[in-house]
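Per-entry structural report
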Amino acid sequence: MEDVADWIKTWTEDNWRAEVLTWIDMACEAYSIKRIGPLQAGSCSIRAIHLKVPTASGLLYFKAMAPGQLFEAPVSAVAAALVPDRLVVPLAIDPQRGWMLSPDYGATLDELATTPQMWARALGALGELQVEVVDAEEAFFDAGLQILDPAWIPEEFNNALTLHVSLPEGHPLGITASDADHAFAAYKDIEEACAQLSAGAIPLSLEHGSLDRRRVFAPTDESTAPRILNLGDSHWAHPFASLARPVQQMQTDFQTSADDPRIIQAVGAYLEAWSDYGSPDELYELVAPAVRIAPLHTHETWLQLLAEADEPSMLRWAPRVLEPLASLASATA
């Protein structure tokens, strides 16, 4: 296990598992829930580990976050308290250790047939969620959510390039001066996109960062909204940036381009949630600039995630930090 992050090694240790089990049992006791078996393996990545908890009341799900994403547990709790019908509602969290125990909400959308209607419901639910929490910036900030205001993004972009080009030669996150100059060619484009977003009527809100079919629970019936999960990549930012990943995913799902009527319909369902802030045409004009700057949000996520990584892990995952910057330059070329 020499090529995995230190925290992933910790997640395999017997002592750590014993601590987790004790914490889970205490949480279950608070709800009069009885665990009926050992922890079952779930997924594990550099971001988090998921474990299944069999109980007499059904499966529960335990999640431990990587050090760079400990904020997900308290942010999830804050968000669920504000809109409990639209998100995963944790049964218990440990904000210091980044632990979270949650109920089973059933199948996620990636387990179902992909349709334009499914995407429209998912994006509509995301938009409604974001509208409902626009006044909660302080609560999310106190929970540890990073703010990425478009007004600051051009300077953040410049600072990011300065950081990467100043690292010692051979550093996994370092770039050459010529690469920095190439990426900086996108600065004016980014500046214009951010100016357009700042001048628009849409306030900052909870920007999901990585919404796809795996991160939406399927609604149980026609009257129930899909539940959003996994806020580990989220920021307090321009909410329309959340459309970047879904639009990309729909292009793959439907083997088409972004101007396909099915994608426009799904984006329209999202914008409908924001109808109090402008006409459809006014709102749609803000989609492209928001999607344009979304890679900078991704860059910040991965930079924070690797902040405490050891050298082998940083070497392995460094492209995830640098690729968003390269994509910005490619889009300008």
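It should be noted that the structure appears before, not after, this text.
Notes on the structure follow. Predicted model, so just to flag it, every value in this text is computed and none were measured.

**Things to note about helix α3 (residues 72–82)**
What α3 keeps buried is the set Glu 72, Ala 73, Pro 74, Val 75, Ser 76, Ala 79 and Ala 80. The secondary structure elements touched by the buried residues of α3 are β3 (58–65), β4 (92–94), β5 (99–103) and α5 (137–142).

**Considerations on empty space enclosed by the protein**
Inspection of every chain in the model, using the stated rule, returns 2 cavities of 30 Å³ or more. Taken as a whole, the largest cavity spans an internal volume of roughly 70 Å³. Considering the residues around the largest cavity, the lining is formed by Gly 68, Gln 69, Phe 71, Gly 144, Leu 145, Gln 146, Gly 232, Asp 233, Ser 234, His 235, Thr 301 and Gln 304. Split into classes, the residues belonging to the lining of the largest cavity amount to 2 nonpolar, 9 polar and 1 charged. Lining the second largest cavity are Leu 148, Ile 153, Glu 156, Phe 157, Ala 160, Leu 296, His 299 and Glu 300. Broken down by secondary-structure element, the contributors of at least two residues to the lining of the second largest cavity are α6 (153–166) and α12 (287–305). Partitioned by chemical class, the residues of the lining of the second largest cavity number 5 nonpolar, 1 polar and 2 charged.

**Details of the pairing of β3**
When strand β2 (residues 48–55) meets β3, the two strands line up antiparallel, connected through 8 bridges. The residue bridging Val 53 from the neighbouring strand is Leu 60, located in β3. Connecting β2 to the next strand, β3, in antiparallel fashion are 2 residues. Here 5 bridges tie β3 to β5, and the two strands are oriented antiparallel to one another. Each bridged residue has a counterpart across the sheet, and for Phe 62 the counterpart in β5 is Leu 101.

Cut-offs applied
Residues numbered from 1 in each chain as written. Predicted model: local features only at pLDDT ≥ 70, side-chain atom pairs only at ≥ 80, totals over all residues. Heavy atoms only, no water. Buried < 20%, exposed > 50% of the residue type's maximum accessible area, 1.4 Å probe, protein only. Helix = DSSP H or I, 4+ residues; strand = E, 2+ residues; numbered from the N terminus. Contact = heavy atoms within 4.5 Å. 1 Å grid on protein atoms, 1.4 Å probe; cavity = no way out; pocket = protein on both sides within 12 Å on 5 of 7 lines; lining within 4 Å. Points joined across faces, edges and corners; volume = space filled by probe spheres on them. Nonpolar A, V, L, I, M, F, W, Y, C, P; charged D, E, K, R; others polar. Pairing = 2+ DSSP bridges.

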